[in-house]
Amino acid sequence: MSVKLLIKDGENSHNFKLNPEPIQIGRSSSSQIKLNDPMVSGKHCTVYIDNGIATIQDLGTTNGTFVDGQKIVNAKINLNTIIKIGNVEITVDSSEMTEQEKSDHLDES
């Protein structure tokens, strides 16, 4: 599995490779992806692989997790998905994905 997230926090950006285990995103020091944004909860959301597809789940936050402008509880992450958590934008970095992984992450709606 070569799914990576591209995290853009203002002028800064970095990649984070997803593992089979859920990844927690938030301000907490226990989060695997730490965001320094006052709109982000300590334990804001998790990203995990479900049947080969990257999926994001909000953890009941006040400010919410947004996928393509819609507040979500749980959503599939497609290649063209834009995730907003506070002022942070997260997208899928497909640079190391196989053709099959890219095909699996295409929005078919």
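Before going into details, it helps to say that this report is about the structure given with it. Everything quoted here is computed from the prediction, not taken from an experiment. (Residues numbered from 1 in each chain as written. Predicted model: local features only at pLDDT ≥ 70, side-chain atom pairs only at ≥ 80, totals over all residues. Heavy atoms only, no water.)

When helices and strands are counted, the protein chain shows 1 helix and 11 strands. Going residue by residue from the N terminus, the α and β elements of the protein chain occur as β-β-β-β-β-β-β-β-β-β-β-α. Compactness check: the protein chain gives a C-alpha radius of gyration of 13 Å against a globular reference of 13 Å for 109 residues, within 12% of the reference. By principal-axis analysis of the C-alpha atoms, the protein chain measures approximately 35 × 25 × 25 Å. When the 109 residues of the protein chain are sorted by exposure, 41% land in the buried category. Surface summary for the protein chain: the accessible area is close to 6,000 Å², and the carbon and sulfur share equals 44%. Positive and negative side-chain charges in the protein chain, numbering 10 and 15 respectively, have mean positions lying 6 Å apart. (Helix = DSSP H or I, 4+ residues; strand = E, 2+ residues; numbered from the N terminus. Rg over C-alpha atoms; globule rule 2.2 N^0.38 Å. Buried < 20%, exposed > 50% of the residue type's maximum accessible area, 1.4 Å probe, protein only. Areas by Shrake-Rupley, 256 points an atom, 1.4 Å probe, with all protein chains shown as cover. Lys, Arg positive; Asp, Glu negative; His and termini not counted. Charge placed at Lys NZ, Arg CZ, Asp CG, Glu CD.)

With that out of the way, let us pick up the sheet that holds strand E11 (residues 88-93). If you trace the 6 strands from one edge of the open sheet to the other, you get E2-E1-E11-E10-E7-E8, paired in antiparallel fashion. Two strands in the sheet have a free side with no partner beyond their single neighbour: strand E2 (12-17) and strand E8 (70-72). Going from strand to strand, the sheet's axes swing by 30° on average, the running direction of each strand aside. (Pairing = 2+ DSSP bridges. Axes fitted to C-alpha atoms, helices over the stretch in contact; angles between N-to-C directions.)

Turning next to the sheet that holds strand E9 (residues 74-76). The 5 strands are arranged E4-E3-E5-E6-E9 in an open sheet whose pairing can be described as mixed. Only two strands of the sheet have a single partner each, and these edge strands are strand E4 (33-34) and E9. Sheet topology places strand E3 (residues 23-26) next to strand E5 (residues 45-50); 3 bridges connect them, and they run antiparallel. Within E5, the residue paired with isoleucine 25 across the bridge is cysteine 45.

Right, let's talk about the environment of asparagine 87 for a bit. Residue position: asparagine 87 is located in the loop between strand E10 (83-85) and E11. The spatial distance from the C-alpha of asparagine 87 to the C-alpha of proline 38 is 9.0 Å, given a sequence separation of 49 residues. With residues near it in sequence (within four places) discarded, asparagine 87 still touches Lys8 and Asp37. (Contact = heavy atoms within 4.5 Å.)

Here we come to unusual backbone geometry. The phi dihedral of aspartate 68 is positive, around 50°, even though this residue is not glycine. Its place among the elements puts aspartate 68 in the loop between strand E7 (65-67) and E8. Of the residues examined, aspartate 68 reaches a relative accessible area of 46% and is grouped as partly exposed.

In terms of burial, E5 is largely enclosed, as 5 of its 6 residues are buried. Of the strand pairs in this sheet, E5 and strand E6 (residues 53-58) are connected by 6 bridges, and their pairing is antiparallel. Bridge pairing links threonine 46 to glutamine 57 in E6. A loop of 2 residues connects E5 with E6, the two strands running antiparallel in sequence, and asparagine 51 in this loop sits at a positive phi of about 55°.

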